[in-house]
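Descriptive analysis of the structure
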Amino acid sequence: MAGLNTSLNYGGDAAGLICGYLLGEDGPPRGVDSVQAAQWLAAAGPGDAPKPRGEFLWLHFNLSQAQAVRWMERHADLPEAFFDALKDRSVSTRIERDDDTLIAVLNDAHFDFAFEPSDIATLWTSVAPHLMVTGRTRPLRSVDALRTAVRSGQAPRSSVGLLAELMRTQAEGLVDIVRGVTQRIDDVEDELLAGRLDHKRARLGVLRRLLVRLQRLLAPEPAALFRLLQHPPLWMSADDAQELRDSTEEFSVVLRDMQGLQERIKLLQEEIAASVQEANSRSLFVLTVVTVLALPINILAGLFGMNVGGVPLADEPHGFWIIVAVVVAFTAVAGWLALRDARER
C-alpha cells in the first residue's frame, strides 16, 4: 500500500479523514487515505478476524465535515455507543467498554492554545484490536504530537498501546500548560511583591478558571481507567494494560499539581483582595480627614453667610481675623481628634 503525505491533509479529505496510518509489528507506519482504509477494512473482514502480521489502522477524522460520520458508519463497523457519543456531543471524560471495544471521550487543549478556559476541546475515540478511530471538531495538541511521533516511526505495536501513547502525550501537554500557568503565577507574585497591582486579579481569575475547567474535564479519567483495568477485554494484553495504568498515574500526578496551583492562586487572590481593601481604607481615611477638617469652616461660612440681622462681629474691625482664629482652632481640634482615632485603630 503506497505511503501518502498526510502532513498537507490537515483539514480532512472528502471523507473527513485528516490522517490515516497502517501500523503493525513489521515495517514502518504507512499513510493511507480514506479509499485505501476502506479497502483494507473490507479485506480484513470482521473485527474479531485475525489480521495479517498484527496490523491495525489508526484513522483520525475531522467531525466538522458531515461525510466523516457517514464514512465511519459505512466502512468502520464501530459500536453504536460511539455514534451515540458523537451525536450527543458528550464532553464528560470517560473510558468505557462496549463488548470488545473501548469507547473513550477525552478532553485536550486546542492546537493554538492561549491559556483561555475556552481553549479546550473534545476527542472521541473508539479502540478495537484492529482499528483505532479518533474524531475531533477542532485541532488538538495531543493528536498533532501523536501524528508527529507516528510519522517519525515511534508508533506502538497495538491499538491499546496507541491509546496509551495518546494519553501520555496528552499528559505531557498538560505538564506544559501547568508550567506555563506556574510561570504566569510567578510573574504576578513578583509584581504583587513590587507593589504593582495593575490587573492581576483578572489575570489570576482567568488562570484559575482554566485550571478548574481542566480538572473538571480530566478528573474522571483516572478513575474510569482504573475501573476498566479491573475488567479489560480479552484481547488486551498484560503489557497494554500496564501501559494504560502508567498513563493513568501520569495523569494523576498532573491533576495533583493543578490542584496545588489552584490553592496558590486562591491565596494570591486573597492577598491581592486584602491589599486592595487596605488601599481603599487609606483612601477613605484621607477623604474622611479632609471632610472633618473642612467641617468647621463650612459651618461658620453657612452661619455668617445668612442675610439676616444680628450677625455677630459685623461691625467689629477685627471680626475677620477673630473668625479665622476660631476656624483654625476648631479645625486643629477636629484634626487632632481624627488623627488620634486613626492611631488608636
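Everything numeric here is computed off the predicted structure, so don't read it as measured data.

Re the overall build of the chain
- Looking only at helices and strands, the chain has nine helices and seven strands in total.
- Burial status across the chain gives 43% buried among its 345 residues.
- Counting only contacts in the chain whose residues sit at least 6 apart along the sequence, the fraction spanning at least 24 positions is 69%.
- When the accessible area of the chain is evaluated, it comes to approximately 18,000 Å², of which 56% is carbon and sulfur surface.

Things to note about the pairing of strand E1 (residues 17-23)
- Within E1, seven of the seven residues are buried, which leaves the element mostly enclosed by the surrounding structure.
- The pairing of E1 with strand E3 (residues 56-62) spans six bridges and is antiparallel. Each residue of the ladder has a partner; that of Gly20, found in E3, is Leu59.
- Bridge analysis of E1 against strand E2 (residues 30-31) gives two bridges, and the strand direction is antiparallel. Note on E2: the bridge partner recorded for Tyr21 is Gly31.

Notes on a negative patch on the surface
- On the surface, a cluster of negative charge is contributed by Glu73, Glu80, Asp84 and Asp88.
- When residues of the negative patch are assigned to their parent elements, the largest contribution, three residues, is made by helix H3 (residues 80-88).
- With respect to the element layout, Asp88 can be found in helix H3.
- With a relative accessible area of 57%, Asp88 lands in the exposed category.

Comments concerning the packing of helix H5 (residues 159-193) against helix H8 (residues 238-304)
- For the pair H5 and H8, the least separation of the axes is 9 Å and the interaxial angle reads 15°. The orientation of H5 with respect to H8, classified from their angle, is roughly parallel. When the axes of H5 and H8 are compared, the crossing they make is left-handed.

A word on the nonpolar core
- Ranked by size, the top nonpolar core spans 57 residues in total, and within it Trp58, Leu163 and Leu244 carry the most contacts.
- If you tally residues by element for this core, the top one is H5, at 14 residues.
- The residues touching Trp58, leaving out its near neighbours within four places in the chain, are Cys19, Gly20, Tyr21, Leu23, Met132, Thr134, Val143, Leu146, Arg147, Val150 and Leu162.
- One finds Leu17, Leu59, Ala68 and Phe83 within the second-largest nonpolar core, a separate group that totals 27 residues.

Observations concerning the packing of helix H4 (residues 141-151) against H5
- Their axes nearest at 9 Å, the elements H4 and H5 cross at an angle of 125°. Taken as axis vectors, H4 and H5 run oblique relative to one another. For the crossing formed where H4 meets H5, the hand is right-handed. Packed against H4, whose contacting residues are Arg141, Ser142, Val143, Ala145, Leu146 and Val150, the element H5 presents Leu162, Glu165, Leu166, Thr169, Gln170 and Ile177 at the interface.

Points about unusual backbone geometry
- At Asp77, a position not held by glycine, the phi torsion is positive, near 55°.
- Along the chain, Asp77 falls in the loop between helix H2 (66-76) and H3.
- Classification of Asp77 as exposed rests on a relative accessible area of 63%.
- One non-glycine residue with positive phi stands out, namely Asp99, at about 60°.

Quick notes on H4
- Taken together, the buried positions of H4 are Ser142, Val143, Leu146, Arg147, Ala149 and Val150. End-on, the buried residues of H4 take up no more than an arc of 165°, which puts them together on one face.
- The inward-facing, buried residues of H4 contact E1, E3, strand E5 (101-109), strand E6 (120-127) and H5.
- Positive backbone phi, at 90°, marks Gly153, one or two positions downstream of H4.

Regarding the packing of aromatic side chains
- Inspection of every chain in the model, using the stated rule, returns three aromatic pairs.
- Ring geometry for Phe61 and Trp71: centres 5.4 Å apart, planes at 40°, overall tilted. In this pair, Phe61 is assigned in strand E3 and Trp71 in helix H2, connecting sequence segments 10 residues apart.
- Using a relative accessible area of 0% as the deciding quantity, one classes Phe61 as buried.
- Taking relative accessible area as the criterion, Trp71 reaches 7% and is therefore assigned buried.

What about the pattern of salt bridges?
- Here the structure, examined in full by the defined rule, presents eight salt bridges.
- Its salt-bridge partner being Asp176, residue Arg179 comes within 3.8 Å of it at the nearest N-O pair. Note that Arg179 and Asp176 are positioned in helix H5 at a spacing of three residues, about one turn of the helix.
- Using a relative accessible area of 42% as the deciding quantity, one classes Asp176 as partly exposed.
- Arg264 is the partner of Glu189 in a salt bridge, and the nearest nitrogen-oxygen pair spans 2.7 Å. Here Glu189 is found in helix H5, whereas its partner Arg264 is found in helix H8, with 75 residues between them in sequence.
- Via salt bridges that share partners, Asp186, Glu189 and Arg264 belong to a single interconnected network.

Calculation notes
Residues numbered from 1 in each chain as written. Predicted model: local features only at pLDDT ≥ 70, side-chain atom pairs only at ≥ 80, totals over all residues. Heavy atoms only, no water. Helix = DSSP H or I, 4+ residues; strand = E, 2+ residues; numbered from the N terminus. Buried < 20%, exposed > 50% of the residue type's maximum accessible area, 1.4 Å probe, protein only. Contact = heavy atoms within 4.5 Å. Areas by Shrake-Rupley, 256 points an atom, 1.4 Å probe, with all protein chains shown as cover. Pairing = 2+ DSSP bridges. Patch = residues over 30% accessible without salt bridge, like charges linked within 9 Å, V, L, I, M, F, W, Y side chains within 5 Å. Salt bridge = Lys/Arg side-chain N within 4 Å of Asp/Glu carboxyl O. Lys, Arg positive; Asp, Glu negative; His and termini not counted. Charge placed at Lys NZ, Arg CZ, Asp CG, Glu CD. Axes fitted to C-alpha atoms, helices over the stretch in contact; angles between N-to-C directions. Parallel < 35°, antiparallel > 145°, perpendicular 65-115°, else oblique. Left-handed = near helix turned anticlockwise from the far one by under 90°. Core = buried A, V, L, I, M, F, W, Y, C linked by side-chain atoms within 4.5 Å. Arc of directions from axis to C-beta. Phe/Tyr/Trp six-rings, centres within 6.5 Å; stacked < 30°, edge-to-face > 60°.

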